[in-house]
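# Structural overview
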Amino acid sequence: GADAVKHLMQVASGLDSMVLGEPQILGQIKEAVAIAKSSNAIKSKLTLIFDHVFTCAKKIRSTTKIGHCPVSMAFSTMQIVNKHSDNQRILIIGAGVTGQLLLKHLINNKNSKNKNHDIYITNRTEKSAESIAAEFGISAITWSDFRRDLNQFDVIICAAQAEHYLISTKDLKTKDINLATPTLCIDIAMPRNIDPEIAEL
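Now for a look at the structure at hand. Predicted model only: the values in this text are computed from it and were never measured.

The next subject is the nonpolar core. By size, the foremost hydrophobic cluster in this structure holds 23 residues, and its most contacted members are Ile 90, Ile 92, Leu 106, Ile 121 and Ile 157. Contributing elements (two or more residues each) for this core: helix 4 (73-84), strand 1 (89-93), helix 5 (97-108), strand 2 (118-122), helix 6 (126-136), strand 4 (155-158) and strand 5 (184-187). In this structure, Ile 90 is in contact with Val 81, Leu 106, His 117, Asp 118, Ile 119, Tyr 120, Phe 153, Val 155 and Ile 157, ignoring residues within four places of it in sequence. Formed by 17 residues, the second largest nonpolar core is a distinct cluster that contains Ile 141, Trp 143, Leu 172 and Ile 194.

The following block contains the structure:
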């Protein structure tokens, strides 16, 4: 119905994103539609709706300032990490598109004063984590071991696909609390990977 079409237009235009106007969302929707078309899984009426959605998103970007300073969630996360402290041990949980984009930002940010981050990655599919670790010159941690090693990290970033919390309060409550540089936990996954109660620690 109309509500679904309106919602789709808002999502495609970046109005429903965690970072307002995030440009990656539209590209992801276009890719999904292209895959559906190539698989004969989308019919003419729905194709017509998506054509209008893409026209709407283009018009919003051309007639408003929503895309004036395009910022992705991964870029925003990188900025937060760099403000946290120098020379940090960082764990990225999830080796998908978002995790890899975040990794590229952390490694390639030329304006960062924090050039010496010690970065680790883990993923449910361990071959993916190992391949990405080799490509970027970082370290991979096996999926079965990452919770055991959480206390070693200054920054924990979740960007995995999971239907339940991957990190709970019990996973972090034994960590020695350092009030000067507390552990920074960032959850950019949908649905959430980190139990919100961790903030109370």
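One pass over the structure, following the stated rule, counts 3 aromatic pairs. Note on Trp 143 and Phe 146: the rings are 5.0 Å apart at their centroids and 55° apart in plane angle, and the pair reads as tilted. Against the face of Phe 54 rests Lys 30, its NZ or CZ located 5.7 Å from the ring centre.

With 20 residues, helix 3 (residues 44-63) extends 28 Å between its outermost C-alpha atoms, agreeing within 8% with the 28 Å of an ideal straight helix rising 1.5 Å per residue. Along helix 3, the residues that are buried comprise Thr 47, Phe 50, Val 53, Phe 54, Cys 56 and Ala 57. Elements that come into contact with the buried residues of helix 3 comprise helix 1 (2-12) and helix 2 (24-38).

What follows covers unusual backbone geometry. The omega angle of the peptide bond from Met 190 to Pro 191 is 0°, so this bond is cis rather than trans. Topologically, Pro 191 is positioned in the segment after strand 5.

About the cut-offs
- Residues numbered from 1 in each chain as written.
- Predicted model: local features only at pLDDT ≥ 70, side-chain atom pairs only at ≥ 80, totals over all residues.
- Heavy atoms only, no water.
- Core = buried A, V, L, I, M, F, W, Y, C linked by side-chain atoms within 4.5 Å.
- Buried < 20%, exposed > 50% of the residue type's maximum accessible area, 1.4 Å probe, protein only.
- Helix = DSSP H or I, 4+ residues; strand = E, 2+ residues; numbered from the N terminus.
- Contact = heavy atoms within 4.5 Å.
- Phe/Tyr/Trp six-rings, centres within 6.5 Å; stacked < 30°, edge-to-face > 60°.
- Lys NZ or Arg CZ within 6 Å of the ring centre and 35° of its normal.
- Expected span 1.5 Å × (residues − 1).

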